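Inside the fold
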Amino acid sequence: MSSLLGIDNGLTVTKAVIFDADGSQLSVARRRVPQSMPHARWVERDMAGLWQATAEAIREAIASSGRPASDIKAVAATAHGDGLYLLDNERRPLGPGILSLDSRSGEIVDRWSQGSVFAEALALTGQVPHASAPSSLLVWLREHDPERFSRIAHIFACKDWLRFCLTGTIGTDLTEASTSFTNMRTQGYGPEAMRIFGLEALFEALSPVAHSADIVGYVTAGAAALSGLAKGTPVACGLHDVTASALGIGGHEEGVVSIVAGTYSINEIVSTEPRVDPRWFCRNAIDLGRWNNMSISPASTANYDWFLDTLCRPEQDEAKRSGGSIHEMLAAEIDVALGKPSTILFHPYLFGSPYGNAASASFLGLHGWHDRGDMLKAVLEGIVFNHRTHVEALRDGFAVRQVRLTGGGSRNPAFAQMFADVLNVPVIVTSTEEAAAFGAALCAGAAVGLFTTPQQGARAVSKTSHEYLPDAARNAVFEERFALYCRIAESLKPQWPEIERLAGQSTEGAA
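Everything numeric in this text was worked out from a predicted model, so none of it was measured.

Here the focus is the pairing of strand S21 (residues 427-430). Along S21, one buried face is formed by Val 427 and Val 429 and the opposite face, lined by Ile 428 and Thr 430, is buried too. Sheet topology note: the strand S20 (residues 402-406)/S21 ladder contains two bridges and is parallel. Its bridge partner lying in S21, Arg 404 is registered against Ile 428. Between S20 and its parallel partner S21, the chain crosses via helix H15 (residues 413-423), and the hand of that crossover is right-handed.

Structural data, given as structure tokens:
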């Protein structure tokens, strides 16, 4: 027997998932990884704690798989992209990892937008910098924490840290390498990209690049003792979780828009030539000669999670006590709300938006007769509307023949149907529950010859679970609501900076 381990580290949870060679899931184990928010706009976590939690999840997944660790033929990790994980010259973590929800560098990005940096970066790297990009975060460290900046020896993405913990080797893959510092046309690092941001001194700190399905090391004795893996198990390079999710649902192909409704609003399509537009990132796909065009913002189901954590605390506690699901507990409320008209519109910009760093979330049209279910429906609708904003941008640049959906929300039939009705296209949800981890496992399988390529493995084992068809009547309602949603967002553009300035005012001592 042969199995594969895919590690998927998101922004709040790290997962270890073991798959049989035929793609069937054998076991999954999860651990929450605490976030730290020591200041406004900072979102961090302890790097050693992340590895400890991941190792615990791996050990549990092996134990519950019913197979020995020696059955695992290869391992690969995926994790959130962007953000920043640093090592010093001693190969020790240099401060906490910075997550892609972090927006401390927003003022730097705003400053760049007023000069030539945006245009230069778009033309060379295929994307404009944003608040959680490695480029802007490194500049923030240079300006605000020069001592830490001076000690940077290795620049990692999150999954590269997990690879280092497993193997002791340093490196990254094509997909992660292109988050800030690659020449879009050559698809390799460009010193000229570092010069755009004034970061030439860190060029040697960039991680060497390998293919996602290359074997880049083997599980060390220390990692084996902590995780339960067999020492010497091959480890593949892995990939950015956005790309892994598309791969895991069979969507890392031309003409297919893959939507990941997770913490981020991810919307992506592969092309065989680079095409630039400020509305999307033109980044490397898994293979050279292919590009992954991503229109994204940190404005998807993180809004739903925030609502649950903030306004559904008693139900959260009850679900934990009973072993039930908070989502099932609230399903009836949402279903009732979906069946009636509502004036509520929600802009899901709690952590970011397509409108820049100053945008913030809001409920509009809220009245005293509305209840929690009405608000939840508005949150879900706002999330889908934000995805549509990104999908429409991609439709302007690429021929789209199919839409595939994954992410936690995709398992909710009402939510998946809303995507079909709002986008007015059939939406395919595959049977792959842990799409990102499966994408990593496909790279691991290709690395040891179980599949010719990761994409071939995806085609061989991916099965369509359900196709959601748009309803004409519901689409007509959503069209009107979406148009109003967009007009309101446009009208708020000049007001959002004014709202943010209120944070610097104090009413203490006011008469």
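Bringing helix H10 (residues 241-248) into the picture now. Along H10, eight of the eight residues are buried, which leaves the element largely enclosed by surrounding structure. Buried within H10 are the following residues: Asp 241, Val 242, Thr 243, Ala 244, Ser 245, Ala 246, Leu 247 and Gly 248. Positive backbone phi, approximately 70 degrees, marks Gly 250, located one or two places after H10.

As enumerated under the stated definition, the model contains 31 salt bridges in all. Between Asp 421 and Arg 474 there is a salt bridge; the shortest N-O distance is 2.6 Å. Separated by 53 residues along the polypeptide, Asp 421 in helix H15 and Arg 474 in helix H18 (residues 472-492) bring together distant segments of the chain. Each member of the salt-bridge network shares a partner with another, and the members are Asp 8, Lys 15, Arg 30 and Glu 434.

The next point concerns the packing of H15 against H18. Running from N to C, H15 and H18 cross one another at 70 degrees; their axes reach a closest spacing of 8 Å. Relative to H18, H15 is oriented roughly perpendicular. Facing H15, whose interface residues are Gln 417, Met 418, Asp 421 and Val 422, H18 presents Arg 474, Asn 475, Phe 478 and Glu 479. Classifying every residue of the contact of H15 with H18 gives three nonpolar, two polar and three charged.

A few words on the packing of aromatic side chains. Enumeration over the complete set of coordinates arrives at 16 aromatic pairs. Between Trp 161 and Phe 164 the ring centres are 5.9 Å apart and the planes differ by 25 degrees, which places this aromatic pair in the stacked class. Taken together, the positions of Trp 161 and Phe 164, both in helix H6 (residues 158-167) and three residues apart, correspond to about one turn of that helix. Here Trp 161 falls in the buried class, since its relative accessible area comes to 5%. Linked through ring pairs, Phe 385, Phe 478, Phe 482 and Tyr 485 together constitute an aromatic cluster. Seen from the ring of Trp 42, Arg 104 lies directly overhead, with NZ or CZ sitting 4.0 Å from the centre.

The description of two helices packed together rests on the angle between their axes and the distance between the axes. It is the contact of H10 with helix H16 (residues 435-447), at a shortest axis distance of 7 Å, that shows an interaxial angle of 85 degrees. In this view, H10 runs roughly perpendicular relative to H16, as classed from their interaxial angle. Here Asp 241, Ala 244, Ser 245, Leu 247 and Gly 248 of H10 lie close against H16, whose contacting residues are Ala 435, Ala 436, Phe 438, Gly 439, Ala 440, Leu 442 and Cys 443. A breakdown of the residues in the contact of H10 with H16 according to their chemical character gives eight nonpolar, three polar and one charged.

Cross-referencing UniProt, the feature "domain: Carbohydrate kinase FGGY N-terminal" (unreviewed entry) maps to residues 4-248 in the present numbering. The span residues 4-248 shows a helical share of 36% and a strand share of 22%, and its end C-alpha atoms are spaced 14 Å apart.

Summarising burial for strand S2 (residues 13-20): seven of the eight residues are buried, a large majority. Where strand S1 (residues 3-9) folds back on S2, the antiparallel hairpin that results is connected by three residues.

So, on to the nonpolar core. If you look at the biggest cluster of nonpolar residues, it comprises 50 residues, and the most contacted ones within it are Ile 259, Leu 405 and Phe 419. Sort the elements by how many residues they give to this core and helix H14 (residues 372-397) lands first, with ten residues. Grouped together as the second largest cluster of nonpolar side chains are 46 residues, Met 47, Ala 53, Ala 55 and Leu 166 included.

Here we take up the side chain of Thr 243. Within the fold, Thr 243 resides in helix H10. Residue Thr 243 is classed as buried on the basis of its relative accessible area, which comes to 1%. Setting aside chain neighbours within four positions, we find Thr 243 in contact with Thr 175, His 252, Glu 268, Ile 286 and Asn 292.

A few words on the UniProt feature "domain: Carbohydrate kinase FGGY C-terminal" (unreviewed entry) in the protein chain. Taking the UniProt record as the reference, the feature "domain: Carbohydrate kinase FGGY C-terminal" (unreviewed entry) is found at residues 258-447. When the span residues 258-447 is considered, its composition is 44% helix and 19% strand, and the gap between its end C-alpha atoms is 24 Å.

Attention shifts here to H18. Under the 1.5 Å per step criterion, the end-to-end length of H18 is 30 Å for 21 residues, consistent within 8% with the ideal 30 Å. What H18 keeps buried is the set Asn 475, Phe 478, Arg 481, Phe 482, Tyr 485, Ile 488, Ala 489 and Leu 492. Angular distribution of buried residues about the axis of H18 spans 145 degrees; they occupy a single face of the element. Projecting away from the buried face of H18 at angles above 90 degrees are the exposed residues Ala 472, Ala 473, Glu 480 and Arg 487. Contacts made by the buried residues of H18 are with strand S18 (345-347), strand S19 (362-364), H14, H15 and helix H19 (495-501). Measuring from the backbone nitrogen of Ala 473 back to the side-chain oxygen at the start of H18 gives 3.1 Å, which picks out Asp 471 as the cap.

What counts as what
Residues numbered from 1 in each chain as written. Predicted model: local features only at pLDDT ≥ 70, side-chain atom pairs only at ≥ 80, totals over all residues. Heavy atoms only, no water. Buried < 20%, exposed > 50% of the residue type's maximum accessible area, 1.4 Å probe, protein only. Helix = DSSP H or I, 4+ residues; strand = E, 2+ residues; numbered from the N terminus. Pairing = 2+ DSSP bridges. Right-handed = clockwise from strand over helix to strand, strands pointing away. Salt bridge = Lys/Arg side-chain N within 4 Å of Asp/Glu carboxyl O. Axes fitted to C-alpha atoms, helices over the stretch in contact; angles between N-to-C directions. Parallel < 35°, antiparallel > 145°, perpendicular 65-115°, else oblique. Contact = heavy atoms within 4.5 Å. Nonpolar A, V, L, I, M, F, W, Y, C, P; charged D, E, K, R; others polar. Phe/Tyr/Trp six-rings, centres within 6.5 Å; stacked < 30°, edge-to-face > 60°. Lys NZ or Arg CZ within 6 Å of the ring centre and 35° of its normal. UniProt positions renumbered as here; feature names shortened; annotations may be inferred. Core = buried A, V, L, I, M, F, W, Y, C linked by side-chain atoms within 4.5 Å. Expected span 1.5 Å × (residues − 1). Arc of directions from axis to C-beta. Polar contact = N/O pair within 3.5 Å; in protein donor to acceptor, adjacent residues only side chain to side chain.

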